[in-house]
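Structural features, examined
Residue-level listing of the chains:
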Amino acid sequence: MKTKSTVIAIFALLFASAASQAAGESPSETDPSYLTLDRIIDSEEFDSKSFGPIRWLEDGSGYTTLEDSQAYEDVNDPNDEKPRDIVRCDPESGERVIMVPAARLTLEGESKPLKIDDYSWSSEGKKLLIFTNTRRVWRRNTRGDYWVLNLTNWKLQKLGGDAEPSTLMFAKFSPSGKRVAYVREKNLYVQNLKDLRITQLTDDGSQNIINGTSDWVYEEEFSLRDGFRWSPNGKSIAYWQFDTEGVRDFHLINYTDDLYPKITTFEYPKVGEKNSACRVGVVSSRGGDTQWFKVSDDPRNHYIPRMEWAENSKQIVLQHLNRLQNTNEVTLGNVRKGSLRKILTEHDQAWLDVGDHLKWLDDGKYFTWLSERDGWRHLYLISRSGRKVKLLTHGEFDVIDILTVDEERGWAYYIASPDNPTQRYLYRSPLDGGGKVERVTPASQAGTHKYQMSQDSKWAIHTYSSINKPPVIDLVRIPEHTTVRTLEDNSELREKVAALKKLPTEFFRIDIGDGVLLDGWCIKPPDFDPQKRYPLFFYVYGEPAGQTALDRWGGEKYLWHLMLAQQGYLVVSVDNRGTPAPRGREWRKCVYRQIGILASADQAAATRAIIKKWPYVDPNRVGIWGWSGGGSMSLNAIFRYPELYHTAMAIAFISNQRFYDTIYQERYMGLPDDNEEGFEKGSPITFAHQLEGNLLIIHGTADDNCHYQNFEALVNELIKHGKRFSMMSYPNRTHSIKEGEGTRRHLYELLTGYLKENLPAGPKPATNP
């Protein structure tokens, strides 16, 4: 008992010290120009307002959105969400019409209407499909109840027959709007809206067989949510089937919610292990046998990440990847015969990214396609046979994403940033392949732009922000990009931010040698003196899944970094090679088979170059922090380069790449049997014995992404080598570490206090580093 009490006391003192360091008795507590954790985390003072979500109507005549119903103004309970009306907005005039009053969603005998978690319209716009009473399974609210509201007679019908509450998934109207298909307990069903008759299309759904939806790894790594597609004529449904038999189970243990532990079990294929078997088939929407397509002789060592109808009801088109994900076969499937015909094969020496960029044009004669075949991610127009290939975007730049294709006026709209990889703009190119690249976003608006465009490409909900400016949302006319009206200007937030004591965040490029220039940003202390030396604190991610050196509003994280700068830190972030910046194929894919190796070397080289170039950096006070892949990068930094980094804080990390899933890790590393050295040298745990500086590691025990296994394995390795370090486990918290009262504040107090204690803030005279 004495030992246990001593440990508790020591930890209490550590956290109390961290909390006092974080809070601090200083002028910043009362001066509104300084930030505090109270203001950033606990208050709503700096919350950014959004707009929507919206649904553009198919004819482009307007959009619908959800608004708090004025009929329920008396609902003041903060825990009781106000009922909402569905409102139609005319983009030209701004006229608002309540299409569906919340009161119309009130069931007999109930005082309040159904809560709308999601909704969709039938093609003719006369019926509304409502998703409500949802519950979280895995990471999202994918199960719930579905109701159909007929706008002609206001009749409200519940789908699912005798189904248990909150068990339906991914309901969709048929093209005619007369029926709805959905998944229930891993089987596909179709329900007639006239008489509510239910037809079961599959009956083999079980613990291992999944019909009409995806296994979790497809959902997470290929963004595949619902797993079925209505044919254009409504007579057939194409769907995925997964067989998880033989995929090994992973367990999460919840010690805190009951007297005895609760165990959550799910199939999780780790690197090199057995995957789910996957196939696609087509079944009549009236019922019958499924016509299966034999895409591969080995259904467990391939992927079918995309499948759609090929602009008719006779063929489907699917994308077929090998397990290494470096060959993608675009294939047409004959629904009647079950035969397959390859029309395009894309290959890369590293890996291929899959997206939703295949769009049919000219009644199915051509389709759009993104490819890096010439070293840049360009948009192509390819004939249905695959024989004719036309380049639409000419030049040395990357197309980041396709938004819409205006076939009537002959333009393709896409996001790109040819001159600055930290920014995002709207561009367009003609479908005739003439090579014109036209910027649509005004040149005066430097930063990041997002667009939700109407189907006819004439309108867009436009969101604009920069690293120093909170977002402004407006409705713009395309292609003129004229603002019709401002939907949310975040004026209060802008005033709050403008009143803070700060210097503008600066973007820079740093030369790390061999002609490699890395993009980054820096937040300097507001009273910065270049004649003094400051601690250098890096924020890092560095994986192929995301960038940090982006010219966009950063919300809570930016404000925390700004708070640290106000306290005397140089806060910096740099994108290494291998991040998904629009800088060409070679930039992104040079990290193949060496994740964690080249990236950490780039980060270290950038750190050395910054220390050499900026005389105001204190080389004896260099720290780094990151989350998820950034946590792994922080570990690699302080383990591999102990002479360079003095303090690291790593959150929700992967310590051993063998612990992650097949699709993500094998995409970038290959298979472990063929790249054993790469997996070993890319994993931070391999170099844990080299730790010399201060290390804080943090993890949620219910992390279903980067499992707590990574944390405990690293703890064991550090103990084995006699290394001192600090650790914090958050019981039953997930990858985001936000569940539970006080969690977010506790986390940021811990981070702030640990940093100030182990990497002291503030300038020092240049003569005394």
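Residues numbered from 1 in each chain as written. Predicted model: local features only at pLDDT ≥ 70, side-chain atom pairs only at ≥ 80, totals over all residues. Heavy atoms only, no water.

With that settled, the discussion passes to the packing of aromatic side chains. Scanning all chains against the criterion turns up 35 aromatic pairs. Both rings, one in Trp 351 and one in Tyr 668, keep their centres 4.7 Å apart while their planes meet at 90°; by these two values the pair is edge-to-face. Of the two residues, Trp 351 sits in the loop between strand S23 (340-347) and strand S24 (360-361) while Tyr 668 sits in helix H9 (residues 662-669), which places them 317 residues apart along the sequence. Pair check on accessibility: Trp 351 and Tyr 668 agree, each one buried. Between Tyr 708 and Phe 711, the ring centres sit 5.1 Å apart and the planes meet at 15°, which makes this aromatic pair stacked. Here the residue Tyr 708 and the residue Phe 711 both occupy positions in helix H11 (residues 708-720), the gap between them amounting to three residues, near one helical turn. You'll find Tyr 708 and Phe 711 in the same group, each marked buried. Chaining the aromatic ring pairs together yields one cluster made of Phe 537, Tyr 539, Trp 560, Tyr 569, Trp 625 and Tyr 748. A cation sits over an aromatic face here: Arg 428 above Trp 411, 3.6 Å from the ring centre. Its guanidinium or amino end placed over the ring of Trp 587, Arg 583 lies 3.9 Å from that ring's centre, counting from NZ or CZ. (Phe/Tyr/Trp six-rings, centres within 6.5 Å; stacked < 30°, edge-to-face > 60°. Helix = DSSP H or I, 4+ residues; strand = E, 2+ residues; numbered from the N terminus. Buried < 20%, exposed > 50% of the residue type's maximum accessible area, 1.4 Å probe, protein only. Lys NZ or Arg CZ within 6 Å of the ring centre and 35° of its normal.)

On to the nonpolar core, then. Ile 610, Phe 639 and Tyr 645 are the most contacted members of the largest nonpolar core, which has 51 residues in total. With residues near it in sequence (within four places) discarded, Ile 610 still touches Phe 508, Ile 510, Leu 536, Phe 538, Val 572, Val 574 and Val 617. (Core = buried A, V, L, I, M, F, W, Y, C linked by side-chain atoms within 4.5 Å. Contact = heavy atoms within 4.5 Å.)

Most of strand S9 (residues 168-173) sits out of view: five of its six residues are buried. Note: S9 against strand S10 (residues 179-184), four bridges, orientation antiparallel. Bridge pairing in S10 links Lys 172 to Ala 181. The antiparallel pairing of S9 with S10 creates a hairpin that spans five residues between the two strands, and Gly 177 there sits at a positive phi of about 80°. (Pairing = 2+ DSSP bridges.)

Once that is clear, we can look at the pattern of salt bridges. Within this structure, the stated rule accounts for 45 salt bridges. With a shortest N-O distance of 2.3 Å, Asp 118 and Arg 55 are connected by a salt bridge. Here the residue Asp 118 occupies a position in strand S5 (residues 118-121), and Arg 55 occupies one in strand S1 (residues 54-56), the gap between them amounting to 63 residues. By relative accessible area, Asp 118 is classed as partly exposed at 34%. Residue class for Arg 55 comes out partly exposed when judged on its relative accessible area of 24%. Residue Asp 519 pairs with Arg 583 through a salt bridge whose shortest N-O separation is 3.1 Å. Within this pair, whereas Asp 519 is found in strand S37 (residues 517-523), its partner Arg 583 is found in the loop between strand S39 (570-574) and helix H6 (585-589), the two being separated by 64 residues in sequence. (Salt bridge = Lys/Arg side-chain N within 4 Å of Asp/Glu carboxyl O.)

With that settled, the discussion passes to helix H7 (residues 598-613). Its 16 residues give H7 an end-to-end C-alpha distance of 22 Å, which sits within 8% of 22 Å, the value for a rise of 1.5 Å per residue. Summarising the contacts, the buried residues of H7 are in contact with strand S36 (506-511), S37, strand S38 (532-539), S39, strand S40 (617-627) and helix H8 (629-640). (Expected span 1.5 Å × (residues − 1).)

We now examine a nonpolar patch on the surface. The grouping of Ile 253, Tyr 255 and Ile 263 at the surface amounts to a nonpolar patch, some 340 Å² of accessible area in total. Summarising the element assignment, Tyr 255 is placed in the loop between strand S16 (249-254) and strand S17 (262-267). (Patch = residues over 30% accessible without salt bridge, like charges linked within 9 Å, V, L, I, M, F, W, Y side chains within 5 Å. Areas by Shrake-Rupley, 256 points an atom, 1.4 Å probe, with all protein chains shown as cover.)

Topologically, His 462 is positioned in strand S33 (residues 459-466). Residue His 462 is classed as buried on the basis of its relative accessible area, which comes to 1%. Considered as a pair, His 462 and Val 87 are 375 residues apart in the sequence and their alpha carbons are 19 Å apart. Setting aside residues no more than four positions away along its own chain, His 462 makes contact with Gln 445, His 449, Lys 450, Tyr 451, Val 472, Ile 473, Asp 474, Val 476 and His 481. At 2.8 Å, the side chain of His 462 forms a polar contact with the side chain of His 449. (Polar contact = N/O pair within 3.5 Å; in protein donor to acceptor, adjacent residues only side chain to side chain.)

This next bit is on the environment of Trp 627. You can see Trp 627 is positioned in strand S40. By relative accessible area, which is 12% here, Trp 627 ends up buried. Measuring from C-alpha to C-alpha, the distance between Trp 627 and Tyr 541 comes to 7.1 Å, with 86 residues separating the pair along the chain. With residues near it in sequence (within four places) discarded, Trp 627 still touches Val 540, Tyr 541, Ile 651, Ala 652, His 735, Ser 736, Ile 737, Arg 744 and Leu 747. At 3.0 Å, the side chain of Trp 627 and the backbone oxygen of His 735 are in polar contact.

Moving on, we get to the sheet that holds strand S31 (residues 438-439). Read across the open sheet, the four strands follow the order S28-S29-S30-S31; overall the sheet is antiparallel. The open sheet terminates on both sides in strands that have one partner only, identified here as strand S28 (399-406) and S31. Two elements, S28 and strand S29 (residues 411-416), share six bridges in a ladder whose sense is antiparallel. Directly across from Val 399, in S29, lies its bridge partner Ala 416.

When pLDDT is averaged along the protein, the result is 94, and 95% of the positions lie at 70 or above. Within the model, pLDDT remains below 50 along residues 1-14, and this stretch shows two contacts once partners closer than five positions in the same chain are excluded. The low-confidence segment residues 16-25, where pLDDT is below 50, has 15 contacts with residues more than four positions distant or belonging to other chains. (pLDDT = per-residue confidence, 0-100.)

For any two helices packed against each other, the geometry is given by the interaxial angle and the distance between the axes. Look at helix H5 (residues 555-566) against helix H12 (residues 743-758): their axes get within 12 Å of each other, and the N-to-C directions meet at 30°. Here H12 runs roughly parallel to H5, going by the angle between their axes. Like other packed secondary-structure pairs, H5 and H12 cross with a definite hand, here right-handed. Across the interface between the two elements, Glu 556, Trp 560, Met 563 and Leu 564 of H5 pack against Arg 744, Tyr 748, Leu 751, Thr 752 and Leu 755 of H12. Along the lines of polarity and charge, the residues of the contact of H5 with H12 split into six nonpolar, one polar and two charged. (Axes fitted to C-alpha atoms, helices over the stretch in contact; angles between N-to-C directions. Parallel < 35°, antiparallel > 145°, perpendicular 65-115°, else oblique. Left-handed = near helix turned anticlockwise from the far one by under 90°. Nonpolar A, V, L, I, M, F, W, Y, C, P; charged D, E, K, R; others polar.)

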